[in-house]
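# Understanding the architecture of this molecule
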Amino acid sequence: MNYRHAYHAGNFADVVKHAVLARIIEYLKRKDKPFRVIDTHAGTGLYDLSSEEAQKTGEWRGGVGRLMDAELPKEARKLLAPYLDAVRVLNPDDSLRLYPGSPTLVRQLLRSRDRLTAVELHPADASLLKARFAGDFQVRVIELDGWLALGAQLPPKEKRGLVLIDPPFEEPGEFDRIVERLRKAHRRWPGGIYAVWYPIKEIGAVKGFHDALREAGIPRITDFSILIRSPSSEPTLDGCGMLVVNPPFPLADEMRTVMPALARCLGERGSGSWHVEEIAGEAVPSN
Ligand code: SAM
């Protein structure tokens, strides 16, 4: 486990992931019924952008750094407001020093009846996360393999909610593992929303991932992706995607408003592009 999110927090990939995440939670809040968010690869929950790690890569400057300075179209700004406000609350003096990881962003958006289960395997990150949410009865932090949690925690007792799957992609075969685990999780809880973050480093691998998902037989999957530069032959992070199973009905339209603004803001030298694609449609009823 070499991956440390502190080097990458707030980069363009976090922005895309957290923008989609916040819209899904806002949708879940439209109904009174409580919901649960299960974050299978949670990280430490909060990142100091002035830390040695964040300063070493400077990745946040091309992500949340640009976003907070950008002139966004009105409709996009409105849809991004819950996410942008969650960043602003942490940085009240207009500076940008703290960035919310997914558990902190989710926690800020929950109502008093909603719950978060945050799972993190790295012992140091898990203990930071536990300390961060100590005494918060709405949040449960579990030090565990997130893939195991998918089996153990589903379905949640609320029977409504979201599973965020955000693995570090440091081991080979991560795309295959996602398809296999997602299929099993979906069998345990077909009604849950699942949001899976993935990197775009090599277009062929992403195409194979989408094809495998189509073959997995999981209905209702939409993919939201952004490229910050034209795909290169080098294995660099040219973009990323969020794949959403059972997407809330307004999500695709909302993202068609948000993503052009994000692509313009995050793309390198004006070469950002975005894509919304239905990977799988409604289930075909069997006789
Ligand atoms: N979701 C976080 C966010 O948006 O702020 C970022 C998560 S980071 C991309 C991936 C995290 O997964 C790292 O903190 C890493 O320690 C953790 N991790 C790696 N393997 C894991 C596993 N098998 N189960 C749970 N967490 C794992």
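Fair warning: this is a prediction, and the values are worked out from it, not measured in the lab.

## Remarks on the overall build of the protein chain
Scanning the protein chain for helices and strands turns up ten helices and ten strands. Considered along the principal axes of its C-alpha atoms, the protein chain spans approximately 60 × 45 × 40 Å. Looking at the protein chain as a whole, 44% of its 287 residues are labelled buried. Across the protein chain, the fraction of contacts at a sequence separation of at least 24, relative to all contacts at a separation of at least 6, is 78%.

## Regarding the site of the ligand
Looking at the ligand, there are 20 residues lining it, with His41, Gly101, Ser102, His122 and Gly146 nearest. Of all elements in the fold, only helix H1 (12-28), strand S4 (115-120) and helix H7 (146-152) reach the threshold of two or more residues within the shell around the ligand. In terms of residue class, the shell around the ligand is built from seven nonpolar, seven polar and six charged.

## A word on the UniProt feature "site: Interaction with substrate rRNA" (unreviewed entry) in the protein chain
Within this structure's numbering, the places UniProt gives as "site: Interaction with substrate rRNA" (unreviewed entry) are Tyr3. Here Tyr3 is to be found in the segment before H1. Filtering out sequence-adjacent residues up to four positions away, Tyr3 remains in contact with Pro168 and Glu170.

## A look at the UniProt feature "binding site: S-adenosyl-L-methionine" (unreviewed entry) in the protein chain
Cross-referencing UniProt, the feature "binding site: S-adenosyl-L-methionine" (unreviewed entry) maps to His18, His41, Ser102, Glu120, Asp145, Gly146 and Asp166 in the present numbering. Among the structural elements, His41 can be located in the loop between strand S1 (36-39) and strand S2 (46-48). Discounting chain neighbours no more than four positions away, the residues touching His41 are Gly146, Ile165, Asp166, Pro167 and Pro168. With respect to the helices and strands, the residue Asp145 is situated in the loop between strand S5 (139-143) and H7. Since 15 C-beta atoms lie within 10 Å of it, Asp145 is described here as partly exposed.

## A short note on the sheet that holds S1
Taken in spatial order, the eight strands make up an open sheet running S5-S4-S1-S6-S7-S9-S8-S10, and their pairing is mixed. The open sheet has two edge strands with one neighbour each: S5 and strand S10 (273-280). Between one strand axis and the next, the sheet turns by 15° as a mean value, whatever way the strands run. Bridge count between S4 and S5: five bridges; the pairing is parallel.

## Let's talk about the packing of H1 against helix H10 (residues 251-266)
Running from amino to carboxyl end, H1 crosses H10 at an angle of 155°, the nearest separation of the two axes being 11 Å. If you check the angle between H1 and H10, you find them roughly antiparallel. Crossing hand, H1 versus H10: right-handed. Along its contact with H1, which presents Phe12, Val15, Val16, Ala19, Val20, Arg23, Ile24 and Tyr27, the element H10 presents Leu251, Glu254, Met255, Val258, Leu262 and Leu266. Here the contact of H1 with H10 is built from residues that sort into twelve nonpolar, no polar and two charged.

## Points about the pairing of strand S6 (residues 161-165)
Counted residue by residue, S6 has five buried out of five residues, so it is predominantly covered. Burial along S6 is two-sided: Gly161, Val163 and Ile165 facing one way and Leu162 and Leu164 facing the other are all buried. Judged from the four bridges that link them, S1 and S6 form a sheet pairing that is parallel. The residue of S6 that forms the bridge with Val37 is Leu162. Pairing analysis gives four bridges linking S6 to strand S7 (residues 193-200), with the strands arranged parallel. Among the inter-strand pairings, Ile165 is bridged to a residue of S7, identified as Val196. Each parallel crossover has a hand, and for S6 linked through helix H8 (residues 174-188) to S7 it is right-handed.

## What to know about unusual backbone geometry
The residue after Leu154, namely Pro155, is reached through a cis peptide bond having omega -10°. Structurally, Pro155 can be placed in the loop between H7 and S6. The phi dihedral of Arg220 falls on the positive side, at around 55°, and the residue is not glycine. Topologically, Arg220 is positioned in the loop between helix H9 (203-216) and strand S8 (221-227). For Arg220, a count of 17 C-beta atoms within 10 Å gives the class partly exposed. Although it is not a glycine, Arg269 sits at a positive phi angle of roughly 45°. Classification of Arg269 by C-beta neighbours within 10 Å gives exposed; the count is 7.

Analysis parameters
- Residues numbered from 1 in each chain as written.
- Predicted model: local features only at pLDDT ≥ 70, side-chain atom pairs only at ≥ 80, totals over all residues.
- Helix = DSSP H or I, 4+ residues; strand = E, 2+ residues; numbered from the N terminus.
- Buried ≥ 20, exposed ≤ 12 C-beta atoms within 10 Å, placed from the backbone.
- Contact = placed C-beta atoms within 7 Å.
- Near = placed C-beta within 6 Å.
- Nonpolar A, V, L, I, M, F, W, Y, C, P; charged D, E, K, R; others polar.
- UniProt positions renumbered as here; feature names shortened; annotations may be inferred.
- Pairing = 2+ DSSP bridges.
- Axes fitted to C-alpha atoms, helices over the stretch in contact; angles between N-to-C directions.
- Parallel < 35°, antiparallel > 145°, perpendicular 65-115°, else oblique.
- Left-handed = near helix turned anticlockwise from the far one by under 90°.
- Right-handed = clockwise from strand over helix to strand, strands pointing away.

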